[in-house]
Amino acid sequence: MTQRGLVIVPTYNERENLPRLVPMILDQDPRLDVLIIDDASPDGTGELADQLAADSNRVHVIHRAGKLGLGTAYLAGFRWGLERRYAWLFEMDADFSHDPAHLPQFLESLANYDVVLGSRYLGGRVTVVNWPIGRLLLSYYANVYARFVTGLPVADATGGFKAFRSEVLAAIDLDRVESEGYAFQIEMSMRAWKKGFRIAEIPIVFVDRTLGESKMSKKIIREAVWKVWKLRILDIAGKL
Ligand SMILES: Nc1nc2c(ncn2[C@@H]2O[C@H](COP(=O)(O)OP(=O)(O)OP(=O)(O)O)[C@@H](O)[C@H]2O)c(=O)[nH]1
Ligand SMILES: [Mg+2]
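Below, the structure is looked at part by part. Just so we're clear, the structure is a prediction, and the values are computed from it rather than from any experiment. (Residues numbered from 1 in each chain as written. Chains lettered and ligands numbered in written order. Predicted model: local features only at pLDDT ≥ 70, side-chain atom pairs only at ≥ 80, totals over all residues. Heavy atoms only, no water.)

### Description of a nonpolar patch on the surface
A surface patch of nonpolar side chains, about 550 Å² in accessible area, is lined by V126, I133, L137, Y140, Y141 and V144. Of note, L137 is situated in helix 5 (residues 133-150). (Patch = residues over 30% accessible without salt bridge, like charges linked within 9 Å, V, L, I, M, F, W, Y side chains within 5 Å. Areas by Shrake-Rupley, 256 points an atom, 1.4 Å probe, with all protein chains shown as cover. Salt bridge = Lys/Arg side-chain N within 4 Å of Asp/Glu carboxyl O. Helix = DSSP H or I, 4+ residues; strand = E, 2+ residues; numbered from the N terminus.)

Right, here's the structure in full:
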């Protein structure tokens, strides 16, 4: 049986983006399927997702009752994909910040690595388009801070365009992962790294969304600020 990859796309009010994004993902490689996790988007994204799934047997949808957050959306997607024996599981935003054209590079890198991170800050170069300078500085220094606190040896620990071999997700106790936003990205990579999995970073160009609204919140930033310390303590206690 040939190995397949599952691109997990959480959505909340992405009706302008999702119907264009999904075919572009499918076009990148015949081994890729898409799983949309929609949290009862008031704008009808869930119904659009159902139509996409009706049109292609490579598209699947999970509907959740309300806005339950990004972290639990990905965890639901990981569990769904592991049960169905996908070899590779991807995280990807629906807002075109993550260019589907990078997916083949992820697949290439997965041949040699267990976790592949799409990186905006690789080798001292910043590959972010259209972010206000304040947001860029926040993200950049958040990464410096996260690296300092956790020791995680990557340039971009908070990015949300990434891929895991299924073995990595099977080895992580997903029930114990409790973060939501940026902290979720750091936590997943930390747990993989501490289990000895090999992490690669590949350069991606991150483009700010042009359609739909941001769901970024102060709460998500606050979570990340203290959660990295919790991760460090868990690490010292040997609990990662
Ligand atoms: N299912 C689900 N998806 C979510 C939730 N929050 C955000 N998303 C989706 O997660 C992805 C990333 O969210 P964004 O709003 O783009 O957050 P961001 O990338 O930090 O900020 P912006 O790019 O400025 O909007 C998008 O596809 C959102 O639709 C949620 O609670 N549930
Ligand atoms: Mg975004």
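There is more to say, and it comes next.
### A few points about the pattern of salt bridges
As enumerated under the stated definition, the model contains 17 salt bridges in all. Here E14 and R209 are joined by a salt bridge, their closest N and O atoms 3.0 Å apart. Taken together, the residues span a long stretch of sequence, with E14 in the loop between strand 1 (5-11) and helix 1 (18-28) and R209 in the loop between strand 9 (206-207) and helix 8 (218-236) at a distance of 195 residues. Here D114 makes a salt bridge to R165, at a shortest N to O gap of 3.4 Å. Of this pair, D114 sits in the loop between helix 4 (103-110) and strand 5 (115-119) while R165 sits in strand 7 (residues 162-165), and the two are 51 residues apart along the sequence. Judged by its relative accessible area of 8%, D114 falls in the buried class. (Buried < 20%, exposed > 50% of the residue type's maximum accessible area, 1.4 Å probe, protein only.)

### As for the pairing of strand 8 (residues 199-203)
For a regular strand, the rule is simple: side chains alternate between the two faces of the sheet. Burial along strand 8 is one-sided: A200 and I202 are buried, and none of I199, E201 and P203, which face the opposite way, are. In this sheet, strand 8 lies alongside strand 5 in parallel orientation, the contact comprising five bridges. In the strand pairing of strand 8, S119 is matched with P203. (Pairing = 2+ DSSP bridges.)

### Some words on helix 5
Helix length check: helix 5, at 18 residues, gives a terminal C-alpha distance of 25 Å against a target of 26 Å (1.5 Å per residue), a fit within 8%. Every buried residue belonging to helix 5 is among L136, S139, N143, A146, V149 and T150, and all of these are buried. In a view along the axis of helix 5, the buried residues occupy a sector of 165°, so they form one face of it. Seen from the open side of helix 5, the exposed residues pointing more than 90 degrees away from its buried face are I133, Y141 and F148. (Expected span 1.5 Å × (residues − 1). Arc of directions from axis to C-beta.)

### With respect to the packing of aromatic side chains
In total, this model carries nine aromatic pairs according to the counting rule given. Plain terms: the ring middles of Y74 and F184 are 6.0 Å apart, the flat faces sit at 10° to each other, and that makes the pair stacked. A residue pair is termed long-range when its members are at least 10 positions apart, and Y74 in helix 3 (residues 70-83) and F184 in helix 7 (residues 182-194) qualify at 110 residues. Centroid distance Y121 to Y140: 5.4 Å. Interplanar angle 90°. Geometry classified as edge-to-face. Residue Y121 is located in the loop between strand 5 and strand 6 (128-129), and its partner Y140 is located in helix 5; the two are separated by 19 residues in the primary sequence. Each residue in the set Y74, F78, F164 and F184 is aromatic and connected to the rest through ring pairs, giving one cluster. Sitting above the plane of the W80 ring, R84 keeps its charged end 4.0 Å from the centroid. (Phe/Tyr/Trp six-rings, centres within 6.5 Å; stacked < 30°, edge-to-face > 60°. Lys NZ or Arg CZ within 6 Å of the ring centre and 35° of its normal.)

### Focus on the packing of helix 5 against helix 8
A packed helix pair is summarised by two numbers, namely the angle formed by the two axes and the spacing between the axes. For the pair helix 5 and helix 8, the least separation of the axes is 9 Å and the interaxial angle reads 15°. In terms of orientation, helix 5 and helix 8 fall into the roughly parallel class. Of the two possible hands of crossing, helix 5 and helix 8 adopt the one that is right-handed. Between helix 5, through L138, Y145, A146, F148, V149 and T150, and helix 8, the contact on the second element is made entirely by I221, V225, V228, W229 and R232. A class-by-class count of the residues in the contact of helix 5 with helix 8 yields nine nonpolar, one polar and one charged. (Axes fitted to C-alpha atoms, helices over the stretch in contact; angles between N-to-C directions. Parallel < 35°, antiparallel > 145°, perpendicular 65-115°, else oblique. Left-handed = near helix turned anticlockwise from the far one by under 90°. Contact = heavy atoms within 4.5 Å. Nonpolar A, V, L, I, M, F, W, Y, C, P; charged D, E, K, R; others polar.)

### Re the side chain of T11
Mapping T11 onto the fold places it in strand 1. A polar side-chain atom of T11 sits 2.8 Å from a polar atom in the side chain of D38. Excluding residues that lie within four positions of it along the chain, T11 makes contacts with L18, I36, I37, D38, D39, S41, T45 and A94. (Polar contact = N/O pair within 3.5 Å; in protein donor to acceptor, adjacent residues only side chain to side chain.)

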